Amino acid sequence: SSFSCFEKGRLIGSKQTTKQRMESKAKTESSLTKAALEMTTKKLIEECGATMISQGAEAKIYRLPFAGTASGTAIVKERFVKVYRHPVLDETITKRRMKVEARSMERAKKAGIRVPDVYAIDRKSKRLWMEDLGPRSVKEMLWEDYGKNGAYSTEARRICQELGKVVAMLHDAD
């Protein structure tokens, strides 16, 4: 039977005990490993309704329907091959960066910073599956806010101050 993104996934809620969180995370990861991790990007888009929401120098970011989550969606960050690098070097760098990113998010979470739960790391397809924290990034919000008047609102300035506090927490946690 074909995999449906609408049938998989579960949010690891903040009101759960640590044991409940770990059990939920294990269920989510096991459901992902069965079918979704095997899908090509084309299938993720066609069969699961994934949409690319961003692309940077290292990866493409997709949002896709994901049942059982507060938002009803999940984020998939897919790193792509850098053709100018030697294939073995590219593979090594990509795997290392994925591992560091996932570990960094876990350290940030332990430091009390709100970061997405990591549902799964798929080294084969170079994908990081994670919780979707909202429809817009801080960058999008700030660009939209600035575009309204050519200056930042009081709310945007408050958010930037909060970001500064979060960066301080990250540095203090190391």
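Remember, it's a predicted structure, so these values are computed and weren't measured experimentally.

Calculation criteria
Residue positions are given per chain, counting from 1 as you read along its sequence in written order. Two thresholds apply to this predicted model, a pLDDT of at least 70 for residue-level local features and 80 or more for giving and counting side-chain atom pairs, whereas whole-chain, interface and lining totals are computed over all residues. With hydrogens and water stripped out, all remaining heavy atoms of the structure feed into the side-chain values. By nonpolar core is meant a set of buried Ala, Val, Leu, Ile, Met, Phe, Trp, Tyr and Cys residues that side-chain atoms within 4.5 Å join together. We call a residue buried when its accessible area falls under 20% of the maximum for its residue type, exposed when it is over 50%, and partly exposed in between, using a 1.4 Å probe and counting protein chains only. A helix here means a DSSP run of H or I that spans at least four residues, while a strand means a run of E at least two residues long, and both kinds are numbered starting from the N terminus. Here, strands pair whenever DSSP counts at least two bridges between them. In this analysis an axis means a line fitted to C-alpha atoms, helices contributing only their contacting stretch, and an angle means the value between N-to-C directions, from 0 to 180 degrees. Both site types are read off a 1 Å grid over the protein atoms alone. A 1.4 Å probe that fits but cannot get out defines a cavity, while an open set with protein on both sides within 12 Å along at least five of seven lines defines a pocket; lining residues have an atom within 4 Å of a point. Grid points are joined across faces, edges and corners, and a volume is the space filled by probe spheres set on the points. Gly falls in the polar group here, along with every residue not listed as nonpolar (Ala, Val, Leu, Ile, Met, Phe, Trp, Tyr, Cys, Pro) or charged (Asp, Glu, Lys, Arg). Between N or O atoms, a polar contact is any pair within 3.5 Å; within protein, one atom must be a potential hydrogen donor and the other a potential acceptor, and residues adjacent in sequence are included only when both atoms are from side chains. Throughout, a contact is declared for two residues whenever any of their heavy atoms are within 4.5 Å. Only Phe, Tyr and Trp rings take part, Trp by its six-membered ring, and two of them pair if their centres are within 6.5 Å. Stacked means planes under 30 degrees apart, edge-to-face means over 60, and tilted covers everything else. None of His or the chain ends enter the tally, which takes Lys and Arg as positive and Asp and Glu as negative. Put simply, a salt bridge is a Lys or Arg side-chain nitrogen that is within 4 Å of an Asp or Glu carboxyl oxygen.

Caption draft 1: Fine view of the nonpolar core. Grouped together as the largest cluster of nonpolar side chains are twelve residues: M39, L44, C48, A50, Y62, L64, F66, A74, V76, Y119, A120 and W129. Breaking this core down by element, the ones donating at least two residues are α2 (41-48), β2 (59-65), β3 (73-79) and β4 (118-122). Membership of the second largest hydrophobic core comes to ten residues, among which are I61, I75, A108 and M130.

Caption draft 2: Just the sheet that holds β4, in detail. The strand order β1-β2-β3-β5-β4 describes an open sheet built from five strands, whose pairing is antiparallel. Lying at the two open borders of the sheet, with one neighbouring strand each, are β1 (51-55) and β4. Pairs of neighbouring strands in the sheet enclose a mean axial angle of 20°, with direction left out of account. The pairing of β3 with strand β5 (residues 127-131) spans five bridges and is antiparallel.

Caption draft 3: Representation of the layout of surface pockets within the structure. Put simply, the largest pocket is a space of about 1,200 Å³. Contributing to the lining of the largest pocket are 32 residues, with P116, L133, R136, S137 and V138 lying nearest its centre. Those elements that place two or more of their residues in the lining of the largest pocket are β1, β2, β3, α3 (87-110), β5, α4 (138-149) and α5 (154-173). For the lining of the largest pocket, a count of residues per class yields 17 nonpolar, four polar and eleven charged.

Caption draft 4: Spotlight on the side chain of K126. Mapped onto the elements of the fold, K126 is located in the loop between β4 and β5. The exposure class assigned to K126 is buried, which follows from its relative accessible area of 10%. A polar contact is formed between the side chain of K126 and the side chain of E91, at a distance of 3.4 Å. Not counting residues up to four positions away in its chain, the partners in contact with K126 are K77, E78, R79, V81, D90, E91, T94 and M98.

Caption draft 5: Inspection of the packing of aromatic side chains at higher detail. Per the counting criterion, the structure on display carries three aromatic pairs. Consider the rings of F66 and Y119, whose centres lie 5.5 Å apart with planes at 20°: the pair is stacked. Placement of the pair is F66 in the loop between β2 and β3 and Y119 in strand β4, with a sequence separation of 53 residues. One exposure class covers both F66 and Y119, and it is buried. Measuring from centroid to centroid gives 6.4 Å for F66 and W129, while their planes differ by 40°, and the two rings are tilted.

Caption draft 6: Spatial organisation of the side chain of K82. Within the fold, K82 resides in the loop between β3 and α3. Buried within the structure, K82 lacks any salt-bridge partner; its nearest side chain of opposite charge belongs to E58, at an N-O separation of 4.5 Å. The contacts of K82, once residues within four sequence positions are left out, are A57, E58 and D90.

Caption draft 7: Region of interest: the pattern of salt bridges. Following the criterion strictly, the structure yields 13 salt bridges and no others. For R79, the salt bridge goes to E101, with nearest N and O atoms at 3.2 Å. Here the residue R79 occupies a position in strand β3, and E101 occupies one in helix α3, the gap between them amounting to 22 residues. By relative accessible area, E101 is classed as buried at 19%. Via salt bridges that share partners, E58, K77, R79, R97 and E101 belong to a single interconnected network.

Note that every value here comes from positions in space, so none of it alone points to a role or purpose.
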